[in-house]
Amino acid sequence: MGRMAGRRVLLAVPVLAAVTFGVFAVAAASPFDPVKAYAGTAGLTASQENLDQLRANLGVDQPLVTRWWDWLTSALSGDLGDSSVMRQPVADVIGERLGWSVLLAATAFLVAVVLGTGLGVLAARRPGGLLDRCVSSAAYTLEAAPAFWLGLLAIWFFALKLDVLPAGGLTDAASDTVTFGQVATHLVLPAAVLGISQLPWFFLYVRQGVADALDEDPVRGARARGLRERTVLLGHALRSGMLPMLTLIGSRVPELITGALLVETVFSWPGIAAATVQAATSVDFPLLAALTVLATAAVVLGNLLSDLLYAIADPRVGFDG
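Model, not experiment: these values are computed from the prediction. (Residues numbered from 1 in each chain as written. Predicted model: local features only at pLDDT ≥ 70, side-chain atom pairs only at ≥ 80, totals over all residues. Heavy atoms only, no water.)

(A) Expanded view of the layout of surface pockets. The volume enclosed by the largest pocket comes to roughly 630 Å³. Looking at the lining of the largest pocket, the elements that each hand over two or more residues are helix H5 (90–125), helix H10 (229–267) and helix H12 (285–313). Looking at the lining of the largest pocket element by element, the count peaks at nine residues for H12. Here the residues of the lining of the largest pocket are counted per class, giving 19 nonpolar, four polar and one charged. (1 Å grid on protein atoms, 1.4 Å probe; cavity = no way out; pocket = protein on both sides within 12 Å on 5 of 7 lines; lining within 4 Å. Points joined across faces, edges and corners; volume = space filled by probe spheres on them. Helix = DSSP H or I, 4+ residues; strand = E, 2+ residues; numbered from the N terminus. Nonpolar A, V, L, I, M, F, W, Y, C, P; charged D, E, K, R; others polar.)

Structure below.
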């Protein structure tokens, strides 16, 4: 297990380096001017000399490779640079927002896995039954529904029509302190929307996996020995049927990150979504590169987690294979 994880980490190094270079290359080709974005309205009346000086101060007058190499060497020493759009160190920008994004994504992921697994098992018990038809139809419909549309629909129904949950933010508008109760209440809608947007894939994988496992000889043998249906379903079919779903975890991480950015924007959740949008539109090189590295690292870790879980669940799969 250690050797496999070590190999994945070593392979991730050139991938992360290439990704950061790609970010700088795309940003350099962008029509947005980082100097004008940094100067704001003052840039409309500033002289060309002042703009050139500001360009030199921000370091955007350097060649692409030079800017990327300077950022990379500084990042390796722990200095992620300063965000021109946020006017503060990149590490502070990420540190203030990352925790809230992780809380939202982790809660939503838990919702998707638990509900998807439970509904998948129940549907697999009676393929073609009423529950299977209803949930499968809903799952295929949700596959095509954008996360931001689900968020707007949830706000309209639960916040505006029923007035039972807040429409967005982290705390109540009249509150100047962050409490557990307020955060939990405000987390319900965005986490539910993000989790439901990811649920169809987990449901469909578990449903198919468990249904196939119920037709296998070991499960039929367990039934022939007189074991209870619940024991056969949870102790035999579910374990075998969960294997394909474990490989899904890593592949859903990019979609989870993208969905989280959209949901954070819809619900005004104080995560990294706003920082990502502002960094992209303002061509904030250091912040863009750091956020991209963070997202890429999450994908790499998600794939590694999938492999580890699969190897643990199926002893026939070797860690060093």
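(B) A look at helix H4 (residues 64–76). With 13 residues, H4 ought to run about 18 Å at 1.5 Å a step, and its terminal C-alpha atoms sit 18 Å apart, in line with that. If you check which residues of H4 are buried, you get Arg67, Trp68, Trp71 and Leu72. The arc enclosing the buried residues of H4, seen along the axis, measures out at 125°, which places them on a common side. Of the residues flanking the end of H4, it is Gly78, one or two places downstream, whose phi is positive at about 100°. (Expected span 1.5 Å × (residues − 1). Buried < 20%, exposed > 50% of the residue type's maximum accessible area, 1.4 Å probe, protein only. Arc of directions from axis to C-beta.)

(C) View of the pattern of salt bridges. Scanning all chains against the criterion turns up two salt bridges. We note a salt bridge from Glu96 to Arg97, for which the minimum N-O separation is 3.4 Å. Owing to a relative accessible area of 46%, Glu96 belongs among the partly exposed residues under this scheme. Accessibility expressed as a relative area gives 17% for Arg97, which makes it buried. Across the pair Arg207 and Asp132 runs a salt bridge whose closest N-O atoms are separated by 2.6 Å. Residue Arg207 is located in helix H8 (residues 180–214), and its partner Asp132 is located in helix H6 (residues 130–143); the two are separated by 75 residues in the primary sequence. Across this residue pair, the class does not change: Arg207 and Asp132 are buried. (Salt bridge = Lys/Arg side-chain N within 4 Å of Asp/Glu carboxyl O.)

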